[in-house]
Amino acid sequence: MSKIAVIGSNMVDLITYIDRMPARGETLEAPGFALGCGGKGANQAVAAAKLGADVLMLSKVGDDMFADNTVANFQRFGIDTRYVQRVPGVSSGVAPIFVRADSHNSILIVKGANAHLSPADIEAAAEDLRQCGLIVLQLEIAVETVYYAIEFAHRHAIPVLLNPAPALSGLSAEHLAHLDFLIPNESELALLSGHVVDSPESAHAAARSLVAGGIRHVIVTLGEHGALYVGEEGEFQVPGVRVEARDTTGAGDAFIGCFIHHWNRDGHIRQAMEQAVAYSACSVMGLGTQTSYPDRETFKRFQQQP
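If you're wondering where the values come from, they're calculated on a predicted model, not measured in any experiment.

## Considerations on unusual backbone geometry
Logical step 1: Geometrically, the link from A165 to P166 is a cis peptide bond, its omega value of -5° lying close to zero.
Logical step 2: With respect to the helices, strands and loops of the structure, P166 is situated in the loop between strand 9 (160–162) and helix 6 (173–176).
Logical step 3: One non-glycine residue, S103, adopts positive backbone phi at about 85°.
Logical step 4: Here S103 is to be found in the loop between strand 6 (94–100) and strand 7 (105–107).

## As for the environment of H104
Logical step 1: By the element assignment, H104 lies in the loop between strand 6 and strand 7.
Logical step 2: Given the relative accessible area of 43%, H104 is considered partly exposed.
Logical step 3: As for H104 and E224, which are separated by 120 residues in sequence, their C-alpha atoms are 12 Å apart.
Logical step 4: Contact partners of H104, with chain neighbours within four places excluded, come to F98, V99 and T248.

## A closer look at helix 1 (residues 40–50)
An α-helical turn contains 3.6 residues, so a residue and the one three or four places further along point in the same direction.
Logical step 1: The element helix 1 is largely enclosed, with a buried count of eleven among its eleven residues.
Logical step 2: Buried residues of helix 1: K40, G41, A42, N43, Q44, A45, V46, A47, A48, A49 and K50, and no others.

## Things to note about the state of the cysteines
Logical step 1: All told, the structure shown has zero disulfides when counted by the stated rule.
Logical step 2: We note that C37 lacks a disulfide partner, and the nearest cysteine sulfur, in C282, lies 20 Å from it.
Logical step 3: For C37, a relative accessible area of 14% gives the class buried.
Logical step 4: In this structure C132 is not part of a disulfide, and its nearest cysteine sulfur, from C258, lies 19 Å away.

## Topic: the sheet that holds strand 2 (residues 11–18)
Logical step 1: Taken in spatial order, the four strands make up an open sheet running 3-2-6-7, and their pairing is mixed. Every interior strand has two partners, whereas the edge strands, strand 3 (32–38) and strand 7, have only one. Ignoring which end each strand starts from, the neighbouring axes of this sheet average 20° apart.
Logical step 2: Two strands pair when backbone bridges link them, and strand 2 and strand 6 are joined in this way by seven bridges, in the parallel orientation.

## Examining the packing of helix 10 (residues 269–283) against helix 11 (residues 296–304)
Logical step 1: Interaxial distance between helix 10 and helix 11 falls to 10 Å at its minimum, and their mutual angle equals 100°. In terms of their interaxial angle, helix 10 and helix 11 are classed as roughly perpendicular. Note on element contacts: helix 11 touches helix 10 through F299, F302 and Q303, opposite Q275, A278, Y279, A281 and C282.
Logical step 2: Among the residues making up the contact of helix 10 with helix 11, the classes are represented as six nonpolar, two polar and no charged.

## Details of the environment of E188
Logical step 1: Checked against the element boundaries, E188 lands in helix 7 (residues 186–193).
Logical step 2: Overall, E188 belongs to the buried group, its relative accessible area being 8%.
Logical step 3: A sequence separation of 20 residues divides E188 from L168, and the C-alpha atoms of the two residues are 7.8 Å apart.

## What about the sheet that holds strand 13 (residues 234–238)?
Logical step 1: Strand order in this open sheet of nine strands is 5-4-1-8-9-10-11-12-13, and the pairing throughout is mixed. Edge strands, defined here as strands with exactly one partner in the open sheet, are strand 5 (80–86) and strand 13.
Logical step 2: Strand direction decides the pairing type here: strand 10 (residues 181–182) and strand 11 (residues 217–221), joined by two bridges, are parallel. Among the inter-strand pairings, F181 is bridged to a residue of strand 11, identified as H217.

## Points about the UniProt feature "domain: Carbohydrate kinase PfkB" (unreviewed entry) in the protein
Logical step 1: Per the UniProt annotation, the sites labelled "domain: Carbohydrate kinase PfkB" (unreviewed entry) are residues 1–295.
Logical step 2: Helix makes up 34% of residues 1–295 and strand 24%, with an end-to-end C-alpha separation of 18 Å.

## Some words on the pairing of strand 1 (residues 3–7)
Logical step 1: For strand 1, the tally of buried residues reaches four of five residues, placing the bulk of the element in the interior.
Logical step 2: Sheet analysis places strand 1 next to strand 8 (residues 132–137), joined by five bridges and oriented parallel. Opposite K3, over in strand 8, you have C132 as the bridge partner.
Logical step 3: As paired elements, strand 1 and strand 4 (residues 55–61) share four bridges and run parallel to each other. Paired with I4 across the bridge in strand 4 is V55.

Criteria and thresholds
- Numbers given for residues are sequential positions, taken from 1 along each chain in its written order.
- Restriction of local features to residues with pLDDT of at least 70 applies here, the model being predicted, together with a cutoff of 80 or more for giving and counting side-chain atom pairs; totals for whole chains, interfaces and linings are based on all residues.
- Note that water and hydrogens are dropped before the side-chain values are worked out from all heavy atoms of the structure.
- Each helix corresponds to a stretch of at least 4 residues labelled H or I by DSSP, and each strand to a stretch of at least 2 residues labelled E; elements are numbered beginning at the N terminus.
- Only protein chains enter the calculation, and the probe is 1.4 Å; a residue is then buried if its accessible area is under 20% of its type maximum, exposed if over 50%, and partly exposed in between.
- Should any heavy atoms of two residues lie within 4.5 Å, those residues are considered in contact.
- The criterion for a disulfide is a pair of cysteine sulfur atoms lying within 2.5 Å.
- Two strands make a pair as long as DSSP finds a minimum of two bridges between them.
- The angle between two axes is taken between their N-to-C directions and runs from 0 to 180 degrees, where each axis is a line fitted to C-alpha atoms and a helix contributes only its stretch in contact.
- Orientation is classified from the angle alone, with under 35 degrees giving roughly parallel, over 145 giving roughly antiparallel, 65 to 115 giving roughly perpendicular, and any other angle giving oblique.
- Gly counts as polar in this scheme, as do all residues outside two lists: the nonpolar Ala, Val, Leu, Ile, Met, Phe, Trp, Tyr, Cys and Pro, and the charged Asp, Glu, Lys and Arg.
- UniProt positions are given in the numbering used here, feature names are shortened, and annotations may be inferred rather than shown by experiment.

And the structure:
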């Protein structure tokens, strides 16, 4: 397998488990708290690495107590951290996450050092990036850096995947047209396409409009309902896997991490989606983000369950 480059964010997840959000001026006791490593880029890199992918990470950490732990966490999973660099005088990215008893969550993000990942960092890693079989991007870093990475991938004929999250309106149609893969959820799909997405039929229509704009493959994550595909290989939906969810935080990143590992290994989109839907379902049975992502053996046991 060729190396996968993830150019994106890392965050420190500050996870509070709640019964409900407090009203204005109200103080409530929460039943639990956890601190973990997260960020959309880091999550996707770790999920892929846990499954056996060879991952190169481009990211920025702050000048604080969280930085060394973040780098050590990448290294614990065998991720290449040569291009994870500290920014003096800046905090690391943090993500306060509030998880309700029904497993749904609300998240704030503070980009911190992530906002300092620049086109110059991509050029500094250019020799290694040119050896990669896939470049993976999200939107928790500066959009100019995302655009530069897309241009770099296009210039060097490297497949490129964008997870357009957190959702951002007004993305450049010219840059989107250079994507091999776009993987939004339903709300992100609606924002990017300008279509109302409130049914399987409307999701297909919205995805078709993006494919018509030049994107080769659009994969829409549908949570417990699986994922749908629209693109060069036609249109189809992979059904969800029924589980008892405890925490849905990071489930979309789990999907992408698993998908990029399997697609990079054998190039089969539908099979990679099937694996990714199952992997995402397995992840929501645990708590936290990266801590809930199964390794190869755990995932294999999950898939073998009746």
